[in-house]
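# Examining the three-dimensional arrangement
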Amino acid sequence: MYDSTSTRVLRGTLIGLGLLLAALFFLFPIYWLVLASFKTKAEVISPTPLHLGMFTPHLDNFRDIFGLSSGQTEAGTPREYLGRLINSIIIAGGSTVAAVLLGTLTAWAMARFRIPGKSDIMFYILSTRMLPPVVIIIPVFLMYTRLGLTQSHFGLALLYTTINLPFVVWMMKGFFDEIPHEYEDAAMLDGYPRLQAFFKVTLPNAWPGIAATAVFCLIVAWNEYTFAFILNSDPVAQTVPSFIASKSQTSAGINWGVIAAMSTVFVLPVFIFTFLVRNHLLRGVTFGAVRR
Amino acid sequence: MANVTVEKMTKRFGDVVAVRDLDLRVEDHEFMVFLGPSGCGKTTTLRCISGLERPEQGTIRIGDVVVNRMSPAVRDIAMVFQFYALYPHKTAYENIAFPLQARRLPRDEIERRVTDVARVLHIEHLLQRRPRQLSGGEQQRVALGRAMVRRPKVFLMDEPLTNLDAKLRSEMRAELKRLQKDLNATTVYVTHDQVEAMSMGDRIAVMRQGQIEQIGTPDEVYNHPASLFVAGFVGSPAMNFLPAAYRDGASPTLTVADGAFTLPVEPEWAQRIRERATGSSFTFGIRSEDIALYTEPGADRIASEVYVMEPLGDVNLFDLRVGGHIIKAKTLPNFQLRIGDQVWMAPDHAKMHLFDAQTERAIF
């Protein structure tokens, strides 16, 4: 193709414009959410939409949810929200670590060893994702009740690990397939046992894939609502999504400002984590697009 | 250093037999080349010696030790891979130091040995770079350094020059051979390139379909190929093959190329044909450089016509039409002919080959 400079500039501008529109479209809900968290109860439900600059932002909603205001507020007792946030971090973080750890080792074995019936095993692992998790909610609830796993950090983290594991195995197998096995061969001939060869040579080259996979796992576990609502309704191990939902069922009407503040804080950790690994993430999701 | 012995080794991948009943001995200090087309089992044999693959049957010895059940890590062998397999996250220095760290050598000893090896390979100035920042030839040297630094019992090399450009390849060929002699290192070298095999090997094992067709010095393999396959695989251009029929009697003759020409057969060669032939059909073989060309007819000269001429600079290569067959002949560059010209050829009787058409084994 021999495009003239002006055609190229025009095309670049059009693509840029299109991307900008898409970004605006997808970011608008976030913008509105963050805005609402700085509004008073009246401002949130104002009939005319109040954009940035059309009201005076205030931090009362944030003070409320972290229990910094005096006495009982509509956001609940002091530190109620903070406790749920810590629960979410423990459960989502723990399940992500567990799923990535177990899934990565499984994927490595699947990628490197001659295993009888390997493709069947891989298909079986995938098949566990073929029906929506909600479908199995009743059997899971009954099992968890019998085993005493409801209302616990461990129970929910275990469940999220199970849900994420197939995804990790498939993603990471793809990454390991792309990393030449010769690196490991060379390390073994250099005098390292198999597992050390994996940790010293293959794993350092798999970090982009691990980062991308971990982000997706974290998002799934962090946002999950249905199981969290059914299994962990007690404050001891309740996660933020079901806590926020319970706040929209008050008799005094819904305080959208408080809910928006909780949601804004809730979005932040995943946002920061994704931001930190963004370079890996880009390499991770485009990995394998180019043959070596 | 040590010798390597392989006895009755068979390796399967599922239903595919990659190596069948292989016997082989690589002597101490020897440069042994496995030569063959892709899929002939040469790399599999190498990987079995390295321990990266386990054969189903047979014995592998390094020195006097049976290593079948030993992991690659403890066999004390080094390998250079086709794609070098330099660790991308480590610098050249760290790559070369890596096998020494596995042996938990003290830091200053590691530094001394890495520096020594880097000096021999002329890569001192590259040690702080990562593989990505090195050219193919430089990566190759680092990979060699990583293999040399621990002074292993045996060096294994899997097509190490394939990914270099032609000029660098011929430079590295000479350098590798020199290095091997300087280190006095037992080396097994896998290649599909017969030039590499001829120029570097003390001995060549020509492989085909998981078995060794012939094992011998470059001279033996080139001048006395044991089979049609070896004769066709070694040498460039490939040996000319023509169908031939043998007629016994007081003055035995070979009728070649469906009657295009007839050659007398010496009595001792006739004797060999009688002893070794399994049938009456044969394949006659002659290399392009063993055919003399003349612009005049004469006794024992065969008339032919120039089909194509390829001037290669140092030699001219002619495709000559004889009967319905094409024969390649090499001449000096000053011998010039045009397409369609008549030319007379005389094969060197001492350099002729004859193969049994059924068994494909050499008769002489």
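Not measured: the values here are computed from a predicted model.

### A closer look at the overall build of chain B
The number of helices and strands found in chain B is nine helices and 20 strands. Oriented by its inertia axes, the alpha-carbon framework of chain B measures out at about 80 × 45 × 35 Å. Relative to its full complement of 364 residues, chain B shows a buried share of 39%.

### Things to note about the interface of chain A and chain B
With 14 residues of chain A in contact, the opposing surface of chain B contributes 18 residues. Secondary structure elements with two or more residues in the side of chain A that touches chain B: α8 (182-189) and α9 (194-223) of chain A. Per element, the largest residue contribution to the side of chain A that touches chain B is six residues, and it comes from α8(A). In the side of chain A that touches chain B, the residues fall into nine nonpolar, two polar and three charged.

### Describing the nonpolar core
Core analysis: the biggest nonpolar cluster contains 139 residues, and A:Leu156, B:Leu156, B:Val188 and B:Val206 have the highest contact counts within it. The leading source of residues in this core is α9(A), at 13 residues. Those residues in contact with B:Leu156, other than ones at most four positions away along the chain, are B:Leu46, B:Ile49, B:Ser50, B:Ile77, B:Met79 and B:Val188. In terms of nonpolar packing, the next biggest core, distinct from the first, is built from 17 residues, A:Leu35, A:Val44, A:Phe62 and A:Leu85 among them.

### Focus on unusual backbone geometry
Residue and element names in this part refer to chain B. Backbone torsion omega between Ser236 and Pro237 reads -5 degrees, so that peptide bond is classified as cis. One can find Pro237 in the loop between α8 (228-233) and β11 (240-247). The phi dihedral of Ala85 falls on the positive side, at around 55 degrees, and the residue is not glycine. Assignment of secondary structure puts Ala85 in the loop between β6 (77-80) and α2 (92-102). Positive phi values are uncommon outside glycine, yet Gln209 reaches one of about 50 degrees. Counting through the fold element by element, Gln209 comes out in the loop between β9 (203-208) and β10 (211-216).

### A short note on the packing of helix α4 (residues 80-112) of chain A against helix α7 (residues 153-178) of chain A
All names here are of chain A. Remark: α4 packs on α7, axes separated minimally by 6 Å, with the N-to-C direction vectors making an angle of 35 degrees. At the point where α4 passes α7, the crossing takes the right-handed sense. Grouping the amino acids of the contact of α4 with α7 by side-chain chemistry returns 19 nonpolar, nine polar and three charged.

### Points about the domain arrangement of chain B
Residues and elements named next belong to chain B. Domain boundaries in chain B define domain 1 (4-233) and domain 2 (240-356). Here the C-alpha centroids of domain 1 and domain 2 sit 39 Å apart. Contacts between the two partners involve four residues from domain 1 and, on the opposite side, five residues from domain 2. For the side of domain 1 that touches domain 2, the residue count by class is three nonpolar, one polar and no charged.

### Some remarks on the sheet that holds strand β13 (residues 261-264) of chain B
Residues and elements named next belong to chain B. The strand order across the open sheet formed by five strands is β13-β12-β11-β14-β20, and the pairing between neighbours is antiparallel. Looking along the sheet, the strands with just one partner apiece sit at the ends: β13 and β20 (353-356). The average undirected angle you get between the axes of adjacent strands in this sheet is 35 degrees. Where β11 meets strand β14 (residues 281-286), six bridges bridge the pair, whose relative direction is antiparallel. Within β14, the residue paired with Asn240 across the bridge is Ile286.

### Section: the confidence of the model for chain B
Residues and elements named next belong to chain B. The predicted model of chain B averages 93 in pLDDT, with 100% of residues at 70 or higher. Mean pLDDT across the elements of chain B bottoms out in β13 (88) and peaks in strand β3 (residues 31-35) (97). For this predicted complex, the interface confidence reaches an ipTM of 0.85, while the overall pTM sits at 0.83.

### Regarding the sheet that holds strand β19 (residues 342-347) of chain B
In a beta sheet, neighbouring strands pair by backbone hydrogen bonds and run either parallel or antiparallel. Residues and elements named next belong to chain B. Read across the open sheet, the five strands follow the order β15-β19-β16-β17-β18; overall the sheet is antiparallel. Of all the strands in the sheet, just β15 (291-294) and β18 (325-331) have a single pairing partner and so form its edges. Along the sheet, successive strands turn relative to each other by an average axial angle of 45 degrees, direction set aside.

### A few points about the environment of B:Val154
Residues and elements named next belong to chain B. When you line up the elements, Val154 lands in strand β7 (residues 154-158). Taking the C-beta count within 10 Å as the criterion, Val154 has 24 such neighbours and is therefore assigned buried. Spatially, the C-alpha atoms of Val154 and Val26 are 10.0 Å apart, while their sequence positions differ by 128 residues. Beyond its immediate sequence surroundings of up to four residues, Val154 is in contact with Ala2, Val4, Ile62, Ile77, Thr186 and Val188.

### Structural notes on the domain arrangement of chain A
Residues and elements named next belong to chain A. Parsing chain A into structural domains produces domain 1 (5-60) and domain 2 (80-286). Each of domain 1 and domain 2 was reduced to a C-alpha centroid, and the two centroids are 31 Å apart. Taken together, the elements giving at least two residues each to the side of domain 1 that touches domain 2 come down to α1 (5-37) and α2 (41-44). Considering every element that reaches the side of domain 1 that touches domain 2, the biggest residue donor is α1, with four residues. Of the residues assigned to the side of domain 1 that touches domain 2, the class counts are five nonpolar, two polar and two charged.

What counts and what doesn't
Residues numbered from 1 in each chain as written. Chains lettered and ligands numbered in written order. Predicted model: local features only at pLDDT ≥ 70, side-chain atom pairs only at ≥ 80, totals over all residues. Helix = DSSP H or I, 4+ residues; strand = E, 2+ residues; numbered from the N terminus. Buried ≥ 20, exposed ≤ 12 C-beta atoms within 10 Å, placed from the backbone. Contact = placed C-beta atoms within 7 Å. Nonpolar A, V, L, I, M, F, W, Y, C, P; charged D, E, K, R; others polar. Core = buried A, V, L, I, M, F, W, Y, C linked by C-beta atoms within 7 Å. Axes fitted to C-alpha atoms, helices over the stretch in contact; angles between N-to-C directions. Left-handed = near helix turned anticlockwise from the far one by under 90°. Domains from an automatic or database assignment. Pairing = 2+ DSSP bridges. pLDDT = per-residue confidence, 0-100.

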